[in-house]
Amino acid sequence: MAEAHSAVAFSFSISHEGWDVNFDREVLHLVWSSGIRSWKKRLWRFQNSVKNGVYPAPLQSLWATVGILVALHFAGVRLPIGLVGMLLPHLPSTAFHWQVVACFTVALSVWFAVIQIIRYTLRLLLVYKGWMYEERGSGRSISTKTKLWLVLVKALSGVSRPMLYSFQGSLPKLPVPALDDTVKRYLRSVRPLLNNEEYSRMEKLAEEFGSGIGTKLQRYLKLKSWWASNYVSDWWEEYVYLRGRSPLMVNSNFYGIDAILMHPTKIQAARAATVIYTCLQYRRLIERQEMEPILIQGLVPLCSWQYERLFNTTRVPGPETDRIVHYSDSCHIVVYHRGRYFKVIIYHKNRLLLPCELEVQMQAILDNKSEPLEGEERLAALTAGPRTHWANTRQEFFFKGTNRQSLDAIEKAAFTVSLDDEPYEFDQSRPELLDKFGRVLLHGKGYDRWFDKSFTLCIGSNGRIGFNSEHSWADAPVMGHLWEHVIAGDTEVGYAPDGHTIGEPELQPPAPIRLQWDLNEKALAAIDSSYKIAVNLLNDVDLRIYVHDAYGKGFMKECRLSPDAYIQMAMQLAYYRDAGKFSLTYEASMTRLYLEGRTETVRPCTIESSEWVKSMESKNSTTEERVALLQKACKVHHLGIQDAMCGKGIDRHLFCLYVVSKYLEVESPFLKEVLSEPWRLSTSQTPHGQTTKMDLKKFPKCISAGGGFGPVADDGYGVSYIIAGEDLIFFHISSKRSCDTTDSSRFAKVIEKSLADMRTLFQDYKKLKQQQDKSNKKTE
């Protein structure tokens, strides 16, 4: 194999004539360049760690402090509190240079102490969450307490530009809610789902739990919260994700879609090159921490911890539990095309390859006519099948030799790319094309995505793009941030008039290296076993992507309602009409206002939302009553989101109490019942607007159609939505074909009707108000 020979930098031989050394200058140069780049990255990391450790003070302030103290000392002013004079007797002499050393030591100590006081004070300030609960607009003003808090946070946040991880040391820890409060909120959330007898039984279980074992479990959980950086995240990652033994495909991984209203080029190699280049630029921003942290209202920071594992990361299977492996650096990506895997070097001659040079590499892969090796085409089906089977197969057949080398190339890659041999199409008049687009990204053929990688870029033969992402390493908003950067990159990098990348290659990029595999009959049988399971799983997916363009958030804001609450109420009405009953509903929220925060559950099915839904289905309810009930339901839902973001959620607290009970080997009927309840309606809003690079005024069509995930329950729906504009919303609705009671297309139509009925409701309400105003004027 030529690739194997080229990987040998030097060799030597001994004969009767002496010894002879042969070495490959090019390979040694690559090794040297890689080492230099590695040391540069270490230097950046060290420098950034120092800057983050003293933020919000700039490093220049240290030299200013030293200069001032030296000047004051030699001017005869003994500041601060004579520390320099106290230190001098302990030095070898009182010579000039030792006085400077004493001044520097004192200045450094004082400067560092002041910084730590500022950072600790800022952390205490960020504990305050009252600002989230204060209503704004319509003549309302914030409280004096919040105004003072805003001034202090602004003052202590510093004037220097923060780096990605600058606020990590100032973020507060996630608090453990009071046990009684959590239980009360839980009981209130399940009231619309239970009849009187069932609710009385649940109340009794909750009371026994709160007065019994719950108190002990709460004490242990609080103990953990004191020493752990986050009392939820490590257990959530391990028990919800890594210990799961079911396939990642459909069950865990999620997908994201292109900005379908734009189609910058139809040349597959060109679009792939631009997207790869933009992703690598984003990786550089993370590595150098040049990307600013996300600040709510430009002031309150969100935790940036999850960005660390976005690149160079893979999920490695284990017999009982998987593990996330993150590599500090990677100089290559791996590309899959027509059943073959290629290692593509992305750095050459001490720089990142340009888009035009990456296009040369992508085109070389597309033009390669070699056939897949036996078993190679469906190899990734192992990552789509059961985790224990993949772990055992990996240990037996991929532990050494050629297979291990090739597997290492994939797992150590920055990310993987799939150059698909079919187009990704969108046509508003043919909705089935967009449904197919989503299915291709969610599961593909069951073997053309490496589902273990942090993410796989998917490039259609017509130049449209998408991604498939593994879920354990981070949550969807982090991938969404990258995806916005990628889509905005198309407008920034651009394409030539003929659709190719702009510019000419400045050098001959390294040729893609074909990965080799040695698969025996047992290995082939293992691959086939996973493939059969993957095919059954993907064939059971019923995915419908509904484009709602009748109205959007513009109308919802006119109604003075939160767009997210409005859509959640529409889905409550739709589910009731579809299933004839209410269901436990999951909406993902985030807890990134706290250190290492991930997600929390919001429960949109409330007493208030169920009352509004019933009023919509009742002929006896008036328009005013329905609007009043909807406004109340939206207000309660918004409060639920605020509680979830502020660490007052229900589900993560109960989940952690359940984990503690398992460690202590005690049974809790209450927790067991809570954790076994199925989420038949699982929802999530895809965030956007996380990057300032996306100029929607200049490029109004430059917005992703969002993404989706598979159904959580066998008899339920998975619904992801993105509010893409003033008059555009995308719904990604998934369910299982094997379930007789669910149908994604039917549910999309019910959502459409519910949204239409809600608009009619407010239009009627507006007319009614106008008539009442006219009547009041006549009376006056």
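Residues numbered from 1 in each chain as written. Predicted model: local features only at pLDDT ≥ 70, side-chain atom pairs only at ≥ 80, totals over all residues. Heavy atoms only, no water.

1. Quick word on the UniProt feature "transmembrane region" (unreviewed entry) in the chain
Then step 1. The UniProt record annotates "transmembrane region" (unreviewed entry) at residues 54-76 and 96-122.
Then step 2. With 70% helix and 0% strand, residues 54-76 has end C-alpha atoms that lie 30 Å from one another.
Then step 3. As annotated, residues 96-122 has a helix share of 100% and a strand share of 0%, and its two end C-alpha atoms lie 39 Å apart. (UniProt positions renumbered as here; feature names shortened; annotations may be inferred. Helix = DSSP H or I, 4+ residues; strand = E, 2+ residues; numbered from the N terminus.)

2. A word on the sheet that holds strand β19 (residues 681-685)
Then step 1. Taken in spatial order, the six strands line up as β16-β22-β21-β19-β17-β18 in an open sheet, and their pairing is mixed. Each edge of the sheet is formed by a strand with only one pairing partner; in this case those strands are β16 (541-548) and β18 (599-602). Across this sheet, the average inter-strand angle for adjacent strands is 25 degrees, counted without regard to direction.
Then step 2. Where strand β21 (residues 717-725) meets strand β22 (residues 728-736), seven bridges bridge the pair, whose relative direction is antiparallel. Paired with Tyr-721 across the strands is Phe-731, a residue of β22. (Pairing = 2+ DSSP bridges. Axes fitted to C-alpha atoms, helices over the stretch in contact; angles between N-to-C directions.)

3. Considering a negative patch on the surface
Then step 1. Side chains of Asp-549, Glu-726, Asp-727 and Glu-752 sit close together on the surface and give a patch of like negative charge.
Then step 2. In this fold, Glu-752 is placed in helix α26 (residues 744-779).
Then step 3. When its relative accessible area of 39% is taken as the criterion, Glu-752 is described as partly exposed. (Patch = residues over 30% accessible without salt bridge, like charges linked within 9 Å, V, L, I, M, F, W, Y side chains within 5 Å. Areas by Shrake-Rupley, 256 points an atom, 1.4 Å probe, with all protein chains shown as cover. Salt bridge = Lys/Arg side-chain N within 4 Å of Asp/Glu carboxyl O. Lys, Arg positive; Asp, Glu negative; His and termini not counted. Charge placed at Lys NZ, Arg CZ, Asp CG, Glu CD. Buried < 20%, exposed > 50% of the residue type's maximum accessible area, 1.4 Å probe, protein only.)

4. Quick word on the domain arrangement of the chain
Then step 1. Taken as a whole, the chain is organised into domain 1 (2-50), domain 2 (56-129 + 143-159), domain 3 (179-231 + 544-777) and domain 4 (244-542).
Then step 2. Averaged C-alpha coordinates put domain 2 and domain 4 at centres separated by 48 Å. (Domains from an automatic or database assignment.)

5. Brief notes about helix α3 (residues 60-74)
Then step 1. Over its 15 residues, α3 extends 22 Å from the first C-alpha to the last, a length consistent with the 21 Å expected when each residue adds 1.5 Å.
Then step 2. Taken residue by residue, α3 has Ser-61, Leu-62, Val-66, Leu-69 and His-73 as its buried positions. Buried residues of α3 fall within an arc of 140 degrees about the axis and therefore sit on the same side. What points out from α3, more than 90 degrees from its buried face, is the exposed set Gln-60, Trp-63 and Ile-68.
Then step 3. Buried residues belonging to α3 abut α4 (83-87) and α5 (96-127).
Then step 4. At the exit of α3 stands Gly-76, carrying a positive phi of roughly 90 degrees. (Expected span 1.5 Å × (residues − 1). Arc of directions from axis to C-beta. Contact = heavy atoms within 4.5 Å.)

6. Comments concerning the sheet that holds strand β8 (residues 332-337)
Then step 1. Read across the sheet, eight strands follow the order β15-β9-β8-β12-β13-β14-β3-β20 without closing on themselves; strand pairing throughout is mixed. A strand with exactly one partner marks an edge of an open sheet, and here the two such strands are β15 (513-514) and β20 (707-708).
Then step 2. Note that strand β13 (residues 455-459) and strand β14 (residues 465-469) share five bridges and pair antiparallel. In the sheet register, Leu-457 faces β14, and the bridge partner there is Phe-467.
Then step 3. Where helix α13 (residues 355-367) meets the sheet, its contacts fall on β8, β9 (340-345) and β12 (416-419), and the angle it forms with β9 comes to roughly 160 degrees.
Then step 4. Running over the sheet, helix α18 (residues 476-493) touches β3 (254-257), β13 and β14 and is turned about 160 degrees from β14.

7. Describing the nonpolar core
Then step 1. One finds Phe-415 and Phe-670 to be the most contacted residues of the largest nonpolar core, which totals 110 residues.
Then step 2. Broken down by element, this core gets its largest block of residues, 10 residues, from helix α12 (residues 268-287).
Then step 3. Residues within four places of Phe-415 in sequence aside, it is in contact with Ile-276, Cys-279, Leu-280, Phe-311, Ile-333, Val-334, Lys-453, Phe-455 and Leu-457.
Then step 4. By size, the runner-up hydrophobic cluster in this structure holds 40 residues, among which are Tyr-566, Ile-567, Tyr-575 and Val-613. (Core = buried A, V, L, I, M, F, W, Y, C linked by side-chain atoms within 4.5 Å.)

8. Re the packing of aromatic side chains
Then step 1. The full count for this structure, using the stated rule, is 33 aromatic pairs.
Then step 2. Considering the side-chain rings of Tyr-282 and Phe-311, the 6.5 Å spacing of their centres and the 50 degrees angle between planes classify their relative orientation as tilted. Taken together, the residues span a long stretch of sequence, with Tyr-282 in helix α12 and Phe-311 in the loop between β5 (300-301) and β6 (313-316) at a distance of 29 residues. Note on accessibility: Tyr-282 and Phe-311 belong to one class, buried.
Then step 3. Taken together, Tyr-336, Tyr-341, Trp-390, Phe-398, Trp-450 and Trp-517 form an aromatic cluster joined through their ring pairs.
Then step 4. The lysine or arginine in question, Arg-191, covers the ring of Tyr-199, its NZ or CZ lying 4.5 Å from the ring centre.
Then step 5. The ring centre of Trp-235 lies 3.5 Å from the NZ or CZ of Lys-224, which sits over that ring. (Phe/Tyr/Trp six-rings, centres within 6.5 Å; stacked < 30°, edge-to-face > 60°. Lys NZ or Arg CZ within 6 Å of the ring centre and 35° of its normal.)

9. Brief notes about the UniProt feature "active site" (unreviewed entry) in the chain
Then step 1. The UniProt record annotates "active site" (unreviewed entry) at His-471.
Then step 2. With respect to the secondary-structure elements, His-471 resides in the loop between β14 and α18.
Then step 3. Overall, His-471 belongs to the buried group, its relative accessible area being 17%.
Then step 4. Filtering out sequence-adjacent residues up to four positions away, His-471 remains in contact with Tyr-241, Ser-252, Asn-253, Phe-254, Ala-476 and Arg-598.

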